[in-house]
Number of protein chains: 2
Amino acid sequence: MALILKNCRYLVTQNDTRDILEHADLCIEGNRITESRKPLTGDTIIDCSRHIVLPGLVNMHTHLGMTFLRGAGEDMELHDWLAQKIFPAEQKLRDHEVYRWALHGAREAMGFGTTTVCDFYFFPFSTAKALEDAGMRAFVGGDVQDNPTAHAQTGGDALQLSAHFIETYKDHPTITPVAYAHSPYTCSEQTLVAVKNLAVTHQVLFAMHLAETRYEVDFCKKKFGSFPVEAMARLGLLGKDTVLAHCNWITKDEIKLLDGTCVAHNPVSNMKLASGSTLPIPELLAAGVCVGLGTDSVASNNNLDLFEEMKVAGLLQKFHRWDPAALPVQQILDMATRNAGVVLGKPLGVLMPGHLADVIAVELRDHLLPIDTSRVLNHLVYSAKGSDVVLVIIDGKVCRMSS
Amino acid sequence: MALILKNCRYLVTQNDTRDILEHADLCIEGNRITESRKPLTGDTIIDCSRHIVLPGLVNMHTHLGMTFLRGAGEDMELHDWLAQKIFPAEQKLRDHEVYRWALHGAREAMGFGTTTVCDFYFFPFSTAKALEDAGMRAFVGGDVQDNPTAHAQTGGDALQLSAHFIETYKDHPTITPVAYAHSPYTCSEQTLVAVKNLAVTHQVLFAMHLAETRYEVDFCKKKFGSFPVEAMARLGLLGKDTVLAHCNWITKDEIKLLDGTCVAHNPVSNMKLASGSTLPIPELLAAGVCVGLGTDSVASNNNLDLFEEMKVAGLLQKFHRWDPAALPVQQILDMATRNAGVVLGKPLGVLMPGHLADVIAVELRDHLLPIDTSRVLNHLVYSAKGSDVVLVIIDGKVCRMSS
């Protein structure tokens, strides 16, 4: 028995040739995409003749447990905001609250067409449970830093919690554990290296924040005597199983050091927190660095809509570089789909036989018209909204469908 | 008989004290807001207990007839894009096509919570008819420039058409005519002055594009021997009945000259076309300049969602100025509501007795939660989408309502 998306008005496969097919069928059996075939008795058919069908979007960097902080303090200086609004609220967090808000965030993200999230926060067991209950595919890392936090009093405690989490979830079908160190300004060298070793031992991804602000560059120069990426390279933290969030403030020499490492770009959060620079995406892509897209938490976004994030990603590169040709739409959609599959080491983000069946459909509403094949990607990146998503399939299961 | 929005969960009045009322009623009689009163037989009641009710949004700068160009060419250099995609398509335009696409755009904008648009394009009679048929409040100007266009062979022809349009619509209840000159790079001094004189004669607003790009600054230095705003001031084009679109590239001295003049800010379009600078909003507001918000056309946006425009307006000021406290949410909402009322000289953008009944309601969906009074504006500016709008009232009439 198959699930067949019948007569997709446009089917954006995101395979190597980047075809956009017209009036095509997409066939799903179990949790995989299979070769198209004629419907048989028992198959489920969904008519997609008014839809653009594309790979489910991948949010490469978020903190869903922070959803309770949405809109809690705006228009503040970064350090006032952290000290007065974010840190005090987070100190009092408990595991059941992280579950509740991660579930809320997961449902919001899924409704907007996100089928995979990479989440990093306190109480990873609560986050993982929420994402499993929501039916979301996820990569989850428990926060490790040296400061006392809601879920661990010391860096050692946090590391132990993270190790326990990774061991528990390492064979889970849809929740993949990640080893996560918060940042160079909250972790000692020893802690950073210990988290990376944990990743290597268990063959999981290693993730951290890096080079988000000028302050952090200055901090790294003082602490490590070098720029952020240089310092992390020297500690052996980089490479193809490492995902760095932000990297707004990096030099050309640091780009060379990123060879093989992946970067999660968060343009809305970076703009809202006034980072002042942004990820040099064209130079990174030219250097072969894999770039994905994230929303960061709703405390600095303030929603979980990757369609909005794609649009802002394009606007920001064009504006910042004084170049309307910067970051073409295909590269933006790649960041939210197929690149993420490469980063995460799973057959995600491409709608071809053999790949995981994470699929969404966008309805062709007024603001997506007129349309023809040459405009499909333009509309997806610059006109569409998460709220246009009417069908969400994750791991072969229909999670959301509206008429 | 009244229309009563009953028990509004939050009522954002945008009056001088900027109150956000909880569990309040809003009473409408005819096309005006009136003092709240108990329902009587024959009144229409709409339950708003799950809604934020706020003034309808005002799009201060758009070209709805260009809706057919949505997504027609992206990621191109500005002058290639204009020469290869926009101008050739516009040369072939006919009046019935402008009607069709203006109607399409009006319905899109209205669905996203816009209740008034200021539209400037070819075939103003077609645009006005479309906006009237859509039930939208509008300010409409016919394009005047010296180049041959789809609706006029010469600047003189265009001026005559504009005069005829203004005379025809000057007493219309919901469509207000505007005298519109395209820009300093498409109009001679004589044409610019003639359009301003037309505005003065008929006591209507005068509108034009100004200081959008560095190219234009350079052009004005060569053509007029001075910066754009200085040149327009010398021609007598500025003052309280003038609305300038863009003004990204202006000096401190030019800000002084803008005293009383209004500016329409279009952040998405400016970013997408890589203007490289942006409107210095804090300095303008400090100088008492009234600033409104526009989407520009969908050819450079690519939709008509002012909620998205509000978000990008905030993000852009914060990012460009390296200041997360720049442009607080209240100022952003003002730009899309009450400031526009001041610019347009109508009792718009404020939900107080005596004002025109242009009202919208946003449903409290997942991405607008959690909420309390202190978060209402933050959510409207940074989390909400046009697609959250479930009720649109224009001139006292219910134009859109969904459950």
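Criteria and cut-off values
- Residues numbered from 1 in each chain as written.
- Chains lettered and ligands numbered in written order.
- Predicted model: local features only at pLDDT ≥ 70, side-chain atom pairs only at ≥ 80, totals over all residues.
- Least-squares fit on C-alpha atoms with pLDDT ≥ 70 in both.
- Contact = placed C-beta atoms within 7 Å.
- Pairing = 2+ DSSP bridges.
- Helix = DSSP H or I, 4+ residues; strand = E, 2+ residues; numbered from the N terminus.
- Axes fitted to C-alpha atoms, helices over the stretch in contact; angles between N-to-C directions.
- Parallel < 35°, antiparallel > 145°, perpendicular 65-115°, else oblique.
- Left-handed = near helix turned anticlockwise from the far one by under 90°.
- Nonpolar A, V, L, I, M, F, W, Y, C, P; charged D, E, K, R; others polar.
- Core = buried A, V, L, I, M, F, W, Y, C linked by C-beta atoms within 7 Å.
- Buried ≥ 20, exposed ≤ 12 C-beta atoms within 10 Å, placed from the backbone.
- pLDDT = per-residue confidence, 0-100.
- Domains from an automatic or database assignment.

(A) Broad picture of the relation of the copies chain A and chain B. Take chain A, turn it by 180°, move it 0.0 Å along the axis, and it overlays chain B with an RMSD of 0.0 Å. Such a combination of turn and shift is consistent with a two-fold rotation axis. Residues of chain A ranked by C-alpha distance from the rotation axis are headed by S387(A), positioned 3.4 Å from it. When the interface residues of chain A are mapped onto chain B, 100% of them again lie at the interface, so the same face is used by both copies.

(B) Layout of the sheet that holds strand β13 (residues 290-293) of chain B. Residues and elements named next belong to chain B. Spatially, β6-β7-β8-β9-β10-β11-β12-β13 is the arrangement adopted by the eight strands of the open sheet, whose pairing is parallel. Edge positions in the open sheet fall to β6 (57-62) and β13, since each of these has one partner strand only. Sheet twist, expressed as the average angle between the axes of neighbouring strands with direction ignored, equals 25°. Two elements, strand β11 (residues 242-246) and strand β12 (residues 262-265), share three bridges in a ladder whose sense is parallel. From the neighbouring strand, L244 faces β12, where its bridge partner is V263. Contacts from helix α11 (residues 306-321) reach β6, β7 (114-121), β12 and β13, with the element oriented near 125° to β13. In this fold helix α12 (residues 329-336) packs onto β6, β12 and β13, with an angle of close to 75° to the strand it touches most, β13.

(C) Looking closely at the sheet that holds strand β7 (residues 114-121) of chain A. Residues and elements named next belong to chain A. Spatially, the eight strands line up as an open sheet ordered β6-β7-β8-β9-β10-β11-β12-β13, and their pairing is parallel. Of all strands in the sheet, those bounded by a partner on one side alone are β6 (57-62) and β13 (290-293). Strand-to-strand twist of the sheet, defined as the mean angle between neighbouring strand axes without regard to direction, takes the value 25°. Sheet analysis places strand β10 (residues 206-210) next to strand β11 (residues 242-246), joined by five bridges and oriented parallel. Of the residues in β11, the one forming a bridge with A207 is V243.

(D) Region of the structure containing the packing of helix α4 (residues 155-169) of chain A against helix α5 (residues 189-202) of chain A. Residue and element names in this part refer to chain A. Running from N to C, α4 and α5 point in directions that differ by 10°, and their axes come no closer than 11 Å. In terms of their interaxial angle, α4 and α5 are classed as roughly parallel. Of the two possible hands of crossing, α4 and α5 adopt the one that is right-handed. Residues G155, L159, S162, A163 and I166 of α4 form the contact with α5, whose own contacting residues are T191, A194, V195, L198 and H202.

(E) Broad picture of the interface of chain A and chain B. Tallying the contact residues gives 42 residues for chain A and 42 residues for chain B. Every element with two or more residues in the side of chain A that touches chain B is listed here: α2 (95-111), α9 (267-272), α11 (306-321) and α14 (376-382) of chain A. Here the side of chain A that touches chain B is built from residues that sort into 19 nonpolar, 11 polar and 12 charged.

(F) Here's a closer look at unusual backbone geometry. The omega torsion of the bond from N301(A) to N302(A) falls at 15°, within 30 degrees of zero and hence cis. Along the chain, N302(A) falls in the loop between β13 and α11. With an omega of -5°, the peptide bond running from L369(B) to P370(B) counts as cis. Although it is not a glycine, Q14(A) sits at a positive phi angle of roughly 60°. Here Q14(A) is to be found in the loop between β1 (3-12) and β2 (20-29).

(G) Representation of the nonpolar core within the structure. Membership of the largest hydrophobic core comes to 273 residues, with the highest contact counts inside it found for V53(A), L131(A), V53(B) and L131(B). Setting aside its immediate chain neighbours within four residues, V53(A) contacts L5(A), C8(A), L11(A), V12(A), L26(A), C48(A), V359(A) and A361(A).

(H) Spotlight on the confidence of the model for chain A. Averaged over all residues, the pLDDT of chain A is 96; the fraction at 70 or higher stands at 100%. Reported confidences for the modelled complex are a pTM of 0.98 and an ipTM of 0.98.

(I) Focus on the domain arrangement of chain A. Residue and element names in this part refer to chain A. Parsing chain A into structural domains produces domain 1 (3-55 + 350-401) and domain 2 (57-344). The C-alpha-based centres of domain 1 and domain 2 are spaced at 28 Å. If you look at the interface, domain 1 gives 22 residues, while domain 2 gives 24 residues. Breaking the side of domain 1 that touches domain 2 down by element, the ones donating at least two residues are α14, β15 (389-394) and β16 (397-401). Per-element accounting of the side of domain 1 that touches domain 2 gives the leading share, five residues, to α14. Within the side of domain 1 that touches domain 2, the residues separate by chemical class into 12 nonpolar, four polar and six charged.

(J) Spatial organisation of the packing of α2(A) against helix α3 (residues 124-134) of chain A. Residue and element names in this part refer to chain A. For the pair α2 and α3, the least separation of the axes is 8 Å and the interaxial angle reads 35°. Read as a crossing pair, α2 and α3 show a hand that is right-handed. For the pair α2 and α3, the contacting residues are D95, V98, Y99, A102, L103, A106, R107 and M110 in the first and S126, T127, K129, A130, L131, D133 and A134 in the second. Among the residues making up the contact of α2 with α3, the classes are represented as nine nonpolar, two polar and four charged.

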